[in-house]
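The lines below spell out each chain.
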Amino acid sequence: MSSTSNKWGLKQSITLLRILIGWHFLYEGIVKVYNPDWTSFGYLATAQGPLKPVFQALTSEAVLPWVDTLNWAALVFVGITLLMGLFERAGALVGVGLLLMYYLAHPSWPGMAQINTEGSYWIVNKNLIEAVACLVLFYYPTGNVFGLSRFFSKNKATSKTELS
Amino acid sequence: MSWTRREALLGLGSIPILGAVWWAGAYGTVGKKREQAALLEQLNIKPSLPSPVPAISGEPVRVGIIGFGIRGEQLCRSLGYATDEWIADMEKAAARAKKEGRPFTALEDFRSQDPLNIRIVGICDVFDIHAEKAVRSFSTPEQAVKRYTTHTDMIRSGDVDAVVIATPDHWHAPMSIEALRNNVHVYVEKPMTHTLAETYQLREAVRNSKAVFQVGHQHRQTLSFKTAQDIVDKGVLGHVSLITTNTNRNDDNGAWNYDIHPDANPETIDWEQFLGSAPEIPFNKNHFFRWRKWWAYGSGLSGDLLTHDYDRLNCVLKMGMPRSVMASGGIYTHRDGRNVPDVLQVNFEFPDFNTGSSQTPNKERGMTFTYSASLGNGFNRPTMLMGHDASMELGNRLTIWPDSGSTRFAKQLESGSMAPQTPIYRYDPSETALDGVSSATSQYFADKGLMWTYIDGKRVDSTFLHMREWLSVIRNGGNVSCGIQEGFEEAMSAHMAGLSWKLGRRIEWDPQEEVIVPIEGVDLDAVLLESPSGVG
């Protein structure tokens, strides 16, 4: 009994994690979609660390509009898939990629200036943690617990052991 | 699949969450935009683009350069002419910057600058090395650049249509006057003159000449200043009672201790000609390369840097001549033999000045303009315009904060749609451009909007725009933005500041007679030129 209830708790927790991360991504995406003045220019132009030249190259006039569009499109995609619990594994993977890019553009490594951060970090910051959380979502899909996948999954969460 | 209520909830429950997040994001963003738009509409601030100048058509304008030192070289680059040495240096610097992952755009900016329809045909410099560098770099197979021994030879040669004067200050007026008398167009660096008498003579010369005269205050082309003008005109700031401007520099270059060329000696420098009207002294390399530090050739902070700040504001506010000036300061940070102050505070009084009022009529009138400078500290203090309704920070960027005691914005402040700590307007044309500024001194000028401006998000050298305007007026007629009236006000107010510091007393201006109120027993021009006793 205790093992079943633990699993049930784990499933619920990860589902909740998925909803919250989806929520976060979707909101970040939507805010950018509805603000025509938004641009990733500042974030990229001030990039630090070993990949600085790569990120700065993205600020060129020809590339920047594509980067901006791809960024909000990816954010919205991750947001919708995670929230809806449909294609959530693809969403989680894109999420990992996006977050690692954000992390590498401004790594919280010793000796680098921390720009626009609300906490104190040493190597590990919230982008990195969220990226790993997305990795968990990739390996532990919960769309059939809460989400549209329920309608497409033969193996619905009626059985309490299906994920073991 | 059984459609129980539980099934529906678990399967479709995420849809309303998605809807809510979407709505919150969209509503919040659009709402904020709308609020901002409403506020801006109410303030009615519209950044205005500079009017395009008519093209410099026809045969190229034949330009002669008088003075090819640091500033002379910069002016030539704005005209599209760089020395071979500079290009080599910039290529090295660009390679170094690339290696270190820093942006560095000087060379790229120079190469992408629109060509001006001019030809540099002559050069005048009393230092052989400088003159030869120009001849070597700017001569082409079709057109050799000719070196002239004196400015008079060049001006009277009939081979130049226009001259660019970038010499020590004590040569500005004599050279400008000579050119104007021969109807040769003049672009002269600031300060326009070195003495009071010269200022009147030069004004006369401009009035009697067919040539076009422009003073090198390039910031008059800066877009943010044109926007600031619109803001003040629309009364957003209310009555401005105080303006604070500053100079903070803390490096050798900023304190005018420029490099002394190793090949400088009495054989390579025409010392007599350099001295001109200045007191005769034996050959002195220090004086030659660092002339800004002595009243004999320059005027230190008041003529060199205060003029920038005064003219910046005169361009925005058109406040004209101050009624009186009081200055104090000393040589506190560079006791190296100079006799111009390196710490200087100047207060200009404008008792009749008014920018409009949101309060009872006649309650507000008058303004103090403060210039505060130190060459021993590099902290960046912004230029501030302090009004009853709002404060404005003015540089290349421009920010406005409402004032907690504002009459005009009282309602908005009470309802919370405005807060004293939150800007109601911000203008930053550089937001989408990557700037590669290399030195502390160039950063100082860039922050003040003295180096470049932005047109359609593209960075443009403001000196280029200022010279282009001058050349366009030469060809097409019209008015320059910094002509003799602006130059007269700039030079006179700088001289008043210098006199006040030297005499330790208030200097007053008589607006009817357009003269400095005479002080009994004092020859003001002699005071302006003399080296203060005890220093230097």
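Here's a quick rundown of the structure.

Reading guide: rules and limits
Starting from 1, residues in each chain are numbered consecutively following that chain's sequence as written. Labels are handed out in written order, letters beginning with A for the chains and numbers beginning with 1 for the ligands. pLDDT decides what is reported in this predicted model: residues at 70 or higher carry local features, side-chain atom pairs at 80 or more are listed and counted, and totals for whole chains, interfaces and linings draw on all residues regardless. With hydrogens and water stripped out, all remaining heavy atoms of the structure feed into the side-chain values. Put simply, DSSP marks the helices as runs of H or I at least four residues long and the strands as runs of E at least two long, and each gets a number from the N terminus on. Accessibility throughout is a Shrake-Rupley quantity obtained with a 1.4 Å probe, and a residue counts as covered only by protein chains that appear here. For the exposure calls, accessible area comes from a 1.4 Å probe over protein chains only, and a residue counts as buried if that area is under 20% of its type's maximum, exposed if over 50%, partly exposed in between. Should DSSP find at least two bridges between two strands, the strands are taken to pair. Contact between two residues is taken to exist if any of their heavy atoms lie within 4.5 Å; hydrogens are not considered. Angles run from 0 to 180 degrees between N-to-C directions of axes, and those axes are lines fitted to C-alpha atoms, restricted for helices to the stretch in contact. Salt bridge, as used here, is a side-chain nitrogen of Lys or Arg placed within 4 Å of a carboxyl oxygen of Asp or Glu. Any angle between 65 and 115 degrees counts as roughly perpendicular, while under 35 counts as roughly parallel, over 145 as roughly antiparallel, and the rest as oblique. Charged residues are taken to be Asp, Glu, Lys and Arg, nonpolar residues to be Ala, Val, Leu, Ile, Met, Phe, Trp, Tyr, Cys and Pro, and polar residues to be all remaining types, Gly included.

### So, the overall build of chain A
Okay, so step 1: Summing up its helical and strand segments, chain A has seven helices and zero strands in all.
Okay, so step 2: When its helices and strands are written in sequence order, chain A yields α-α-α-α-α-α-α.
Okay, so step 3: Just so you have it, chain A exposes about 8,900 Å², and 69% of that area is on carbon and sulfur atoms.

### Notes on the pairing of strand 1 (residues 61–66) of chain B
All names here are of chain B.
Okay, so step 1: Within strand 1, five of the six residues are buried, leaving the element largely enclosed by the surrounding structure.
Okay, so step 2: Direction of pairing for strand 1 relative to strand 2 (residues 118–124): parallel, over a ladder of six bridges. Bridge assignment links Arg62 to a residue of strand 2, and that residue is Arg119.
Okay, so step 3: Note that strand 1 and strand 4 (residues 162–165) share four bridges and pair parallel. Across the sheet, Ile66 pairs through a bridge with Ile165, a residue of strand 4.

### Some thoughts on the pairing of strand 4 of chain B
Residues and elements named next belong to chain B.
Okay, so step 1: Where burial is concerned, the two faces of strand 4 agree: the one with Ala162 and Val164 and the one with Val163 and Ile165 are both buried.
Okay, so step 2: Bridge analysis of strand 4 against strand 5 (residues 185–188) gives four bridges, and the strand direction is parallel. Residue pairing for strand 5: Val164 is matched across the bridge by Tyr187.

### A short note on the sheet that holds strand 8 (residues 324–330) of chain B
Residue and element names in this part refer to chain B.
Okay, so step 1: With mixed pairing, the 10 strands of this open sheet are ordered in space as 14-13-12-11-7-10-9-8-17-18. Single-partner strands in this sheet number two, and they are strand 14 (425–427) and strand 18 (515–516).
Okay, so step 2: Looking at chain direction, strand 8 and strand 17 (residues 507–510) are connected through two bridges and run antiparallel. Counted as the bridge partner of Ser324 is Glu508 from strand 17.
Okay, so step 3: Strand contacts of helix 10 (residues 223–233): strand 11 (383–387), strand 12 (390–394), strand 13 (398–402) and strand 14, with the helix running at about 165° to strand 12, the strand carrying the most contacts.

### With respect to the pattern of salt bridges
Once the charged atoms of two side chains with opposite charge are near each other, the side chains can pair.
All names here are of chain B.
Okay, so step 1: Under the defined criterion, the tally for this structure stands at 21 salt bridges over all chains.
Okay, so step 2: For the salt bridge of Asp128 with Arg147, the shortest nitrogen-to-oxygen distance reads 3.0 Å. On the criterion of sequence distance, the pair formed by Asp128 in helix 6 (residues 128–138) and Arg147 in strand 3 (residues 146–147) is long-range, its members being 19 residues apart.
Okay, so step 3: Notably, a salt bridge pairs Arg207 with Glu204, separated by 3.7 Å at the nearest N-O pair. Of the two residues, Arg207 and Glu204 both sit in helix 9 (residues 196–207), three residues apart, roughly one turn of that helix.
Okay, so step 4: Judged by relative accessible area, which is 51%, Arg207 ranks as exposed.
Okay, so step 5: What makes Glu204 partly exposed here is its relative accessible area of 41%.
Okay, so step 6: Several salt bridges converge on common partners, so that one network encompasses Glu73, Arg77 and Lys133.

### Digging into the packing of helix 9 of chain B against helix 17 (residues 484–503) of chain B
Residue and element names in this part refer to chain B.
Okay, so step 1: For the pair helix 9 and helix 17, interaxial distance at closest approach is 10 Å and the crossing angle is 175°. Overall, the two elements helix 9 and helix 17 adopt an arrangement that is roughly antiparallel. Here Leu196, Thr199, Tyr200, Leu202, Arg203 and Val206 of helix 9 lie close against helix 17, whose contacting residues are Ile484, Phe488, Ala491, Met492, His495 and Leu499.
Okay, so step 2: Of the residues belonging to the contact of helix 9 with helix 17, the class tally is nine nonpolar, two polar and one charged.

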